[in-house]
Amino acid sequence: MRRDGVAERGGNMAETALTVAVLLLALFGCAQGIRWLVGKCMCGDVPTQAYVVLPLSGHCEDVEMQVRACLYATEARLGVLVVDKGLDDGSRLLAQGVCERLDRVQFCTDLSEQKFCADSLQVSEKGI
């Protein structure tokens, strides 16, 4: 503040940068909210017609992270099919628990058969 009681313009550079960063993040959040709302209005509750296949083998402690990453990457349009290609017992139990808790996620023991785990998928009249 100057001697005559008038505040100086300009302020602190760090405060201005922080304000700009917060405003940009708020704008990004609003844009993502609008994108989600438009997607929800246009797609509605369409049943899952396609799946991302996530084959897992061996010891895998980050099953839930991998499944959630697939769900996030597909933007709620595709399901995730977790395929057991030789998981150990602990990892298999973890994968099955994750698949039971999350929507649009199915667990299958093997895709080598020609059935492609159709018994665990929601098959429409037109097929998978």
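The structure displayed is predicted, hence computed values, not measured ones.

As for the sheet that holds strand S2 (residues 79-87)
Spatial strand order, S1-S2-S3: 3 strands in an open sheet with parallel pairing. Edge positions in the sheet fall to strand S1 (51-58) and strand S3 (105-108), since each has one partner strand and no second. Recorded for the sheet is a direction-independent mean angle of 25° between the axes of neighbouring strands. Across 7 bridges, the pairing between S1 and S2 is parallel. Bridging across to S2, Pro-55 finds its partner in Val-83. Against the sheet, helix H2 (residues 63-73) makes contact with S1, S2 and S3, and its axis sits at roughly 165° relative to S1, the strand it touches most.

Details of the nonpolar core
Residues Leu-54, Leu-56, Val-67, Val-80, Val-82 and Val-105 are the most contacted members of the largest nonpolar core, which totals 16 residues. Among the elements of the structure, S1, H2, S2, helix H3 (89-101) and S3 are those that each provide at least two residues to this core. In terms of residue count, H2 provides more of this core than any other element does, 4 residues in total. Once you skip the residues sitting within four places of it in the chain, Val-67 turns out to touch Leu-54, Val-80, Val-82, Val-98, Leu-102 and Val-105.

Observations concerning unusual backbone geometry
Phi at Arg-104 is positive, roughly 65°, even though this residue is not glycine. For Arg-104, a relative accessible area of 27% puts it in the partly exposed group.

Side note on the side chain of Ser-91
Structurally, Ser-91 is set in helix H3. A polar contact is formed between the side chain of Ser-91 and the backbone nitrogen of Cys-60, at a distance of 2.8 Å. Excluding residues within four positions of it along the chain, Ser-91 makes contact with Gly-58, His-59, Cys-60 and Val-63.

Cut-offs and rules
- Residues numbered from 1 in each chain as written.
- Predicted model: local features only at pLDDT ≥ 70, side-chain atom pairs only at ≥ 80, totals over all residues.
- Heavy atoms only, no water.
- Pairing = 2+ DSSP bridges.
- Helix = DSSP H or I, 4+ residues; strand = E, 2+ residues; numbered from the N terminus.
- Axes fitted to C-alpha atoms, helices over the stretch in contact; angles between N-to-C directions.
- Contact = heavy atoms within 4.5 Å.
- Core = buried A, V, L, I, M, F, W, Y, C linked by side-chain atoms within 4.5 Å.
- Buried < 20%, exposed > 50% of the residue type's maximum accessible area, 1.4 Å probe, protein only.
- Polar contact = N/O pair within 3.5 Å; in protein donor to acceptor, adjacent residues only side chain to side chain.

Treat this as a map of the structure, not an account of what it does.
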